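Overview (structure and organization)
This is what each chain is made of:
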Amino acid sequence: MTRVAAAALLLCAIVAPAGAQSPSADQRLAKALDAETYAAVTRVIRSAKARALPVDPIVDKALEGAVKGARPVRIRAAVVALADRMVVAREALSPPSPTVAEIGAGAEALGKGVPRATLRTIRIAGGDRSVAVPLGVLTELVARGVSVQRASDQVVALVKSGATSQQLAALSDKVRQDIETGIDPAAALDIRTRGLLPLLPGSSRLAPTLKPASPRVP
Amino acid sequence: MTDHEEVDGVIRRTIEELRALPAASDDAVSRIVAAARLTPQDPPRDAQRGGWYWVHPWRRMPAVTAAALVLVAGIGGYALRSRMDGSRPAAVAAAPATGANGGAAAAMAPVASEDLPANVERPVATQFVLAAPTAQSVALVGDFNGWDPRSAPLARDPQTGLWTLTLPVIPGRHVYAFLVDGTEWTLDPRAPQERDADFGRPGSVLLVEAR
């Protein structure tokens, strides 16, 4: 065996698995999209790679549009907008270097109107823990009708107080159930947050800063 | 006799033998060194037999060793990729359990057990269930499986008639739906729904908690 052949074989063994998903994703895109949309999405992916962004969320967004039967113009617009939000999310969540899940969650939150500064605040409040779930809960609360400002304030307070991923997800679920029974979204979040905060290790210094959703009746 | 005493004895005898030899002249030493420098060097005997030799590793490496190295590198490549991109886990290692989300239920144990950075969360085995008694096939599509219906077909439980599938899902908020009989877009009746601002077709929402 020559050294060149061995080196080439070794290189292939290392590189091929690492890029194994790319051809598959590319093939799926080529199959799912028309030529023009495929070209446009590919350009966005190349641009994302050049900016060191994860490309899986962009591929997913394009494939989501395809499986939903969306018009090409909407698919193109969606992937461009997502890539732009991912840039903002990555910057807001760094340092430490955010994961793909965190960047995706941050981009979704931005898409719901959550400001960049809130992402940064949640990152700082979360310390070295993943903020994918807190950002997902924030997005979910906004999607259920809680105002961006209130949802951001409450989630930040909960994360600062040490709320776990399970506690946040459970709170989100209870708020949704409350809203479905007719309770005002802001009031539902306020009630559930006040119910959870006393149970959290860091709640004592934060509880007084929380304001009720509506003025209290004397 | 201990090992130390045996070694000491060898050294003592060596010193005695060297002392018995006549003193070496500097001239003789110089001539021997110069002659050695001019003599072509053969590879060590191990290398001649085909063993590992660091000067010409690829030429001397036997095919079996090279193949083993390539295999290890390949496995390493896959491991490196999964470490770099934890968004698409491929294995399920935990039984499903009841979750708080209503529709999909998260299992109690994370799928992966390797050491990860603090902000990388392990995928959680999550069960999806749909009652579709007349369906011929049900597939799951969502942002956790690349919206690929072929990658996540549900299986009909013979006892209950329910369609079910358990998948590892990264903690966070996810959107998904079922494709019944390949074309019918079906939301999870147990899960909250979300309007889709991008494409106009709503999805079911899943919040997977970290474990």
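Residues numbered from 1 in each chain as written. Chains lettered and ligands numbered in written order. Predicted model: local features only at pLDDT ≥ 70, side-chain atom pairs only at ≥ 80, totals over all residues. Heavy atoms only, no water.

Quick look at the overall build of chain A now. The helix and strand inventory of chain A stands at eleven helices and zero strands. For chain A, the sequential pattern of α-helices and β-strands runs α-α-α-α-α-α-α-α-α-α-α. A total of 218 residues make up chain A; the buried ones form 50% of that total. Considering only residue pairs separated by 6 or more positions, chain A has 65% of its internal contacts joining residues 24 or more positions apart. About 9,900 Å² of surface is accessible on chain A, with carbon and sulfur atoms providing 60% of the total. (Helix = DSSP H or I, 4+ residues; strand = E, 2+ residues; numbered from the N terminus. Buried < 20%, exposed > 50% of the residue type's maximum accessible area, 1.4 Å probe, protein only. Contact = heavy atoms within 4.5 Å. Areas by Shrake-Rupley, 256 points an atom, 1.4 Å probe, with all protein chains shown as cover.)

Now for the confidence of the model for chain B. All names here are of chain B. Across chain B, pLDDT averages 67, with 44% of residues at or above 70. Helix α3 (residues 45–48) is the least confidently modelled element of chain B, averaging 37 in pLDDT, while strand β3 (residues 138–142) averages 97, the highest of any element. Per-residue pLDDT stays below 50 along residues 31–61; that stretch engages in 24 contacts with residues further than four places along the chain or on separate chains. Here residues 70–101 is modelled with pLDDT under 50, and outside its nearest four sequence neighbours on either side it reaches 71 contacts, counting other chains as well. The complex model carries a pTM of 0.67, and its ipTM stands at 0.79. (pLDDT = per-residue confidence, 0-100.)

With that settled, the discussion passes to the packing of aromatic side chains. All names here are of chain B. As enumerated under the stated definition, the model contains five aromatic pairs over all chains in all. Ring geometry for phenylalanine 144 versus tyrosine 176: centroids 6.3 Å apart, planes at 45 degrees, classification tilted. Here phenylalanine 144, found in the loop between β3 and β4 (155–156), pairs with tyrosine 176, found in strand β6 (residues 172–180); they are 32 residues apart in sequence, far enough to count as distant. What links up through ring pairs into an aromatic cluster is the set Phe128, Phe144, Tyr176 and Phe178. (Phe/Tyr/Trp six-rings, centres within 6.5 Å; stacked < 30°, edge-to-face > 60°.)

For the rest of this paragraph, the subject is the environment of leucine 135 of chain A. Residues and elements named next belong to chain A. Following the sequence through the fold, leucine 135 ends up in helix α8 (residues 132–143). For the pair leucine 135 and threonine 118, spaced 17 residues apart in sequence, the C-alpha separation works out to 9.6 Å. Among all residues touching leucine 135, those that are not within four sequence positions of it are Leu93, Glu102, Ala105, Gly106, Ala109, Leu119 and Ile122.

So, on to the pairing of strand β2 (residues 124–130) of chain B. Residue and element names in this part refer to chain B. Summarising burial for β2: six of the seven residues are buried, a large majority. For β2 and strand β5 (residues 163–169), the ladder comprises seven bridges, and the chain directions are antiparallel. Directly across from threonine 126, in β5, lies its bridge partner leucine 167. (Pairing = 2+ DSSP bridges.)

Moving on to the environment of proline 189 of chain B. With respect to the helices and strands, the residue proline 189 of chain B is situated in the loop between β7 (184–186) and β8 (193–194). Under the relative-accessibility criterion, proline 189 of chain B is labelled exposed at 63%.

Once that is clear, we can look at α8 of chain A. All names here are of chain A. The terminal C-alpha atoms of α8, which comprises twelve residues, lie 16 Å apart, in line with the 16 Å expected from a rise of 1.5 Å per residue. Most of α8 is tucked away: eleven of the twelve residues are buried. Taken as a whole, α8 has its buried residues at Ala132, Val133, Pro134, Leu135, Gly136, Val137, Leu138, Thr139, Glu140, Leu141 and Val142. Once α8 ends, the next one or two residues include glycine 145, with phi positive near 115 degrees. (Expected span 1.5 Å × (residues − 1).)

Quick look at the side chain of arginine 28 of chain A now. With respect to the element layout, arginine 28 of chain A can be found in helix α2 (residues 21–32). From its side chain, arginine 28 of chain A meets the backbone oxygen of tryptophan 147 of chain B in a polar contact 3.4 Å long. Among all residues touching arginine 28 of chain A, those that are not within four sequence positions of it are Leu63 of chain A together with Asn145, Gly146, Trp147, Asp148 and Arg150 of chain B. (Polar contact = N/O pair within 3.5 Å; in protein donor to acceptor, adjacent residues only side chain to side chain.)

For the rest of this paragraph, the subject is the pattern of salt bridges. What the rule picks out here adds up to 16 salt bridges over all chains. Residue arginine 150 of chain A pairs with aspartate 190 of chain A through a salt bridge whose shortest N-O separation is 3.5 Å. Of this pair, arginine 150 of chain A sits in helix α9 (residues 148–160) while aspartate 190 of chain A sits in helix α11 (residues 185–196), and the two are 40 residues apart along the sequence. Each of the two residues, arginine 150 of chain A as well as aspartate 190 of chain A, counts as buried. Residue aspartate 148 of chain B is joined to arginine 150 of chain B by a salt bridge in which the shortest nitrogen-to-oxygen separation is 3.6 Å. Looking at aspartate 148 of chain B, the relative accessible area reads 10%, which means it is buried. (Salt bridge = Lys/Arg side-chain N within 4 Å of Asp/Glu carboxyl O.)

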